[in-house]
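Geometric and topological summary
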Amino acid sequence: MHLLDPGLRDGLQKLTLSLDETQTAQLLGYLDLIQKWTKVYNLTAVRDPAEMLTHHLLDSLAVIAPLRRQLESMGLAGKSVRLLDVGSGAGLPGVVIAICCPDIAVHCVDTVAKKAAFIQQVAVSLKLTNLRGIHARVESLTEPYDVVSSRAFASLVDFVTWSEKALAEQGVWMGMKGKHPADEMAALPASVNVFHVEPLEVPGLGAERCIVWMRPVSGG
């Protein structure tokens, strides 16, 4: 049994997330790959496996249920959905979304080549056909995505400004943040509508987390 298996299962239970054995094994395999690559490529500042579980895996798993609810409200549940994870780094939350939601095509974009290469390696190693790493600046991407996500990537203003060309016409931005980012929200242009700020409970983390859901103002 994997050292972190009990902790992961406990976290999934607290998040009321139901995953099959293959997905659970893929999540643990993903953690192992992060650890292995971080020794050489410094993918993440967090090195302790137990800390990786809470700060990386469970932190990202906390967005799965809200994401599914949002896709349902957009009429996209069960349909082929495209998600772009911006400044993805080691693939958080992109890889986690790809594992938990096989019907979502997840593209992780990063300006650092080794990070995009790591995502490609994860896709091959864990047989995730719906996952792809892209080495590029997000501003250069113009293919439409239903959801554009980021986690601790940049300010909300920079996030929406840099990625607006990649957002589908009826698409939404999913900005993962720590504390409620009132100042960042106040700085958003009038063309962006914050339609929901969703608090997240991350098992074992003991820190504030939220998702800022945004969409372009119609005709804006």
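In what follows, the structure referred to is the one given above.
Now for a description of the structure that goes with this document. Owing to the predicted nature of the structure, the values given are computational and were not obtained by experimental measurement.

Definitions and limits used
Residues numbered from 1 in each chain as written. Predicted model: local features only at pLDDT ≥ 70, side-chain atom pairs only at ≥ 80, totals over all residues. Heavy atoms only, no water. Salt bridge = Lys/Arg side-chain N within 4 Å of Asp/Glu carboxyl O. Core = buried A, V, L, I, M, F, W, Y, C linked by side-chain atoms within 4.5 Å. Buried < 20%, exposed > 50% of the residue type's maximum accessible area, 1.4 Å probe, protein only. Helix = DSSP H or I, 4+ residues; strand = E, 2+ residues; numbered from the N terminus. Contact = heavy atoms within 4.5 Å. Phe/Tyr/Trp six-rings, centres within 6.5 Å; stacked < 30°, edge-to-face > 60°. Lys NZ or Arg CZ within 6 Å of the ring centre and 35° of its normal. Pairing = 2+ DSSP bridges.

Here we look at the pattern of salt bridges
One pass over the full model with this rule turns up 9 salt bridges. In this structure, the salt-bridge partner of arginine 137 is glutamate 139, at a minimum N-O distance of 3.4 Å. Several salt bridges share partner residues, and in doing so they unite Asp5, Arg9 and Glu21 into one network.

Description of the nonpolar core
Membership of the largest hydrophobic core comes to 54 residues, with the highest contact counts inside it found for Tyr30, Leu61, Ile97 and Leu131. Ranked by residue count, the leading element in this core is helix 2 (residues 21-41), at 7 residues. Ignoring sequence-local partners within four residues, the contact set of tyrosine 30 consists of Leu57, Ala90, Gly91, Leu92, Val95, Val96, Ile99, Phe118, Val122 and Leu126.

A few points about unusual backbone geometry
The omega torsion of the bond from leucine 92 to proline 93 falls at 5°, within 30 degrees of zero and hence cis. Mapped onto the secondary structure, proline 93 falls in the loop between strand 1 (81-86) and helix 5 (94-100). Positive phi, normally seen in glycine, also occurs at threonine 16, with a value near 50°. Positive phi values are uncommon outside glycine, yet alanine 152 reaches one of about 50°. Of note, alanine 152 is situated in the loop between strand 4 (145-151) and helix 7 (156-163). Overall, alanine 152 belongs to the exposed group, its relative accessible area being 71%.

Re the packing of aromatic side chains
A full pass over the atoms with the stated rule returns 3 aromatic pairs. Against the face of tyrosine 145 rests arginine 82, its NZ or CZ located 4.3 Å from the ring centre. Of note, arginine 215 hangs over the ring of phenylalanine 195, and the distance from its end group to the ring centre comes to 3.8 Å.

Topic: the pairing of strand 4
Among the 7 residues that make up strand 4, 7 are buried, leaving the element largely enclosed by the rest of the structure. Pairing analysis gives 4 bridges linking strand 1 to strand 4, with the strands arranged parallel. Along strand 4, the bridge assignment pairs aspartate 85 with serine 149. With 6 bridges connecting them, strand 4 and strand 5 (residues 167-177) associate as parallel partners.

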